[in-house]
Amino acid sequence: MSSTAAVTRAVPKFRYLSAWFCPFAHRCTLALEHHAGRVEYEWVEALGWEKRTDDQNVTGSGHEWIYHWKSPELVRACPGALVPTLIPVDQKGTPDESKSVYESIVTIEYVDAVSGAQGKDRLISEDPFLAARARVWSDKVNRECCSTYYGVLVRKDDAERKEHFNNLIKGLENFSKQLEATSGPTFLPDGQLSNVDLTLLPWAYRYYVFEHYRGPDFKIPYTSKLEKYHGWYDHVISLESVKRTLPDKDRYLEHIKKYADGSARSKVANAVRRGVAAHEFDDEKDEA
Ligand SMILES: N[C@@H](CCC(=O)N[C@@H](CS)C(=O)NCC(=O)O)C(=O)O
């Protein structure tokens with residue numbers, strides 16, 4: 001055997017602690033499906049909601065939705081007990097909770113790193129400059145285009161909702177302008193999918209709920225400043241690896257009602273109700 005002969009590589013396997021509705025987890029699902037065949041996973045639904053009477057008047061709606069159930073495995077494997085959480089499983093099938101990985105944007109990078117993919121299949125560019133730029137933009141779209149989503153839904157005052165919506169549109173315009181710098185419809189050149197696309201996509205797919213719960217003024221407009229954004233969206237949403245991950249729109253609409261009527265109690269909802277951005281939640285202050 002020559003020293004350059006390919007070594008057979010064991011496909012990395014995971015228990016994937018997730019929740020069907022969760023856009024943060026959706027990021028991780030997108031990475032796992034992008035690398036289907038190069039990584040394997042077992043989906044474990046790890047959160048359960050329950051509707052209760054709001055005795056303490058926490059939500060002001062007369063009722064509250066709380067997480068009545070979190071899988072014990074999730075509580076053990078992730079300090080904040082949040083999905084997505086990935087637990088590696090060895091070739092004999094034994095999970096190692098001491099090596100769990102969480103935080104959705106980190107999970108994208110991790111899945112990409114263990115996938116063994118190369119070149120244009122990578123979600124983190126092999127070019128250090130492009131990879132660095134993508135990390136900056138992944139964080140930026142998270143703050144400007146994803147966190148603002150909860151402000152539009154959870155805040156009660158219409159002017160405040162509008163302010164969050166306008167900030168979201170500004171974020172999409174910034175993203176749109178960056179897309180002009182590439183040759184392809186994606187953030188990286190030549191149509192290569194990246195952590196930036198996967199960070200934004202779960203929310204971009206969910207923006208339709210605004211029109212339903214907040215009216216026509218909250219529809220993402222088709223302006224010239226957003227032309228590239230819409231082109232990006234149409235491209236990424238039609239990819240086969242993405243289509244496999246999309247939750248049913250009516251089912252999700254029903255789920256997100258608890259955020260739209262202010263009765264959801266989760267770390268993200270509690271943080272936004274308290275007046276800070278969704279990504280600034282505090283494990284202690286915002287514990288549901
Ligand atoms: N910063 C985390 C946020 C994840 C998150 O908030 N996930 C929600 C489900 S959509 C969750 O697990 N919530 C549990 C809780 O609020 O206690 C990430 O990016 O992974």
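Residues numbered from 1 in each chain as written. Predicted model: local features only at pLDDT ≥ 70, side-chain atom pairs only at ≥ 80, totals over all residues. Heavy atoms only, no water.

- Per an unreviewed UniProt entry, the protein chain carries the name Endonuclease/exonuclease/phosphatase and comes from Nitzschia inconspicua.

1. Regarding the sheet that holds strand E4 (residues 63–70)
Now for step 1: In space, the three strands of this open sheet follow the order E3-E4-E7, with mixed pairing throughout. Both outer strands of the open sheet, strand E3 (47–53) and strand E7 (264–265), are each paired with one neighbouring strand and no more.
Now for step 2: With two bridges connecting them, E4 and E7 associate as parallel partners. In the sheet register, Ile 66 faces E7, and the bridge partner there is Arg 265.
Now for step 3: Across the sheet, helix H10 (residues 249–260) lies against E3, E4 and E7, angled at about 55 degrees from E3, the strand it touches most. (Pairing = 2+ DSSP bridges. Helix = DSSP H or I, 4+ residues; strand = E, 2+ residues; numbered from the N terminus. Contact = heavy atoms within 4.5 Å. Axes fitted to C-alpha atoms, helices over the stretch in contact; angles between N-to-C directions.)

2. A closer look at the packing of helix H3 (residues 104–115) against helix H6 (residues 195–206)
Now for step 1: Where H3 meets H6, the axes come as close as 10 Å, and the angle between the chain directions of the two elements is 140 degrees. Between H3 and H6, the interaxial angle falls into the category oblique. The element H3 and its partner H6 pack so that their crossing is right-handed. Packed against H3, whose contacting residues are Ile 105, Ile 108 and Glu 109, the element H6 presents Asn 195, Leu 198 and Thr 199 at the interface.
Now for step 2: For the contact of H3 with H6, the per-class residue count stands at three nonpolar, two polar and one charged. (Parallel < 35°, antiparallel > 145°, perpendicular 65-115°, else oblique. Left-handed = near helix turned anticlockwise from the far one by under 90°. Nonpolar A, V, L, I, M, F, W, Y, C, P; charged D, E, K, R; others polar.)

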